[in-house]
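Observations on chain architecture
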Amino acid sequence: MTTRMAALRAWRARMAVRLLGDDRGDVPGWVLITLMTAGLVVVIWAMAGPALSGLFEQAISRVSGL
């Protein structure tokens, strides 16, 4: 019985190390996702910015009557 308990504890320790060790590999992935998202926002903003500014100016001029 003691051998089984020791084996179970060793297995749990190996699994804990394996699971905790996997988190380090996710950091570059999250950095890449963050940078790609920021890049997409910049590209979309650059393309849609002038159109959105025009719509805003048009809406303000209609509301203010100028």
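Throughout what follows, the structure given in this document is the object of discussion. These figures come from a predicted structure and were not determined experimentally. (Residues numbered from 1 in each chain as written. Predicted model: local features only at pLDDT ≥ 70, side-chain atom pairs only at ≥ 80, totals over all residues. Heavy atoms only, no water.)

**Regarding the overall build of the protein chain**
Each helix and strand in the protein chain was counted, giving 2 helices and 0 strands. Expressed as a percentage of its 66 residues, the buried residues of the protein chain come to 2%. Accessible surface for the protein chain amounts to roughly 6300 Å². Of this, 73% is attributable to carbon and sulfur atoms. (Helix = DSSP H or I, 4+ residues; strand = E, 2+ residues; numbered from the N terminus. Buried < 20%, exposed > 50% of the residue type's maximum accessible area, 1.4 Å probe, protein only. Areas by Shrake-Rupley, 256 points an atom, 1.4 Å probe, with all protein chains shown as cover.)

**What about a nonpolar patch on the surface?**
Taken together, M5, L8 and W11 make up a surface patch of nonpolar side chains, about 300 Å² in accessible area. Secondary-structure assignment places W11 in helix 1 (residues 2-21). Given the relative accessible area of 45%, W11 is considered partly exposed. (Patch = residues over 30% accessible without salt bridge, like charges linked within 9 Å, V, L, I, M, F, W, Y side chains within 5 Å. Salt bridge = Lys/Arg side-chain N within 4 Å of Asp/Glu carboxyl O.)

No statement about biological role is implied by the geometric values presented.
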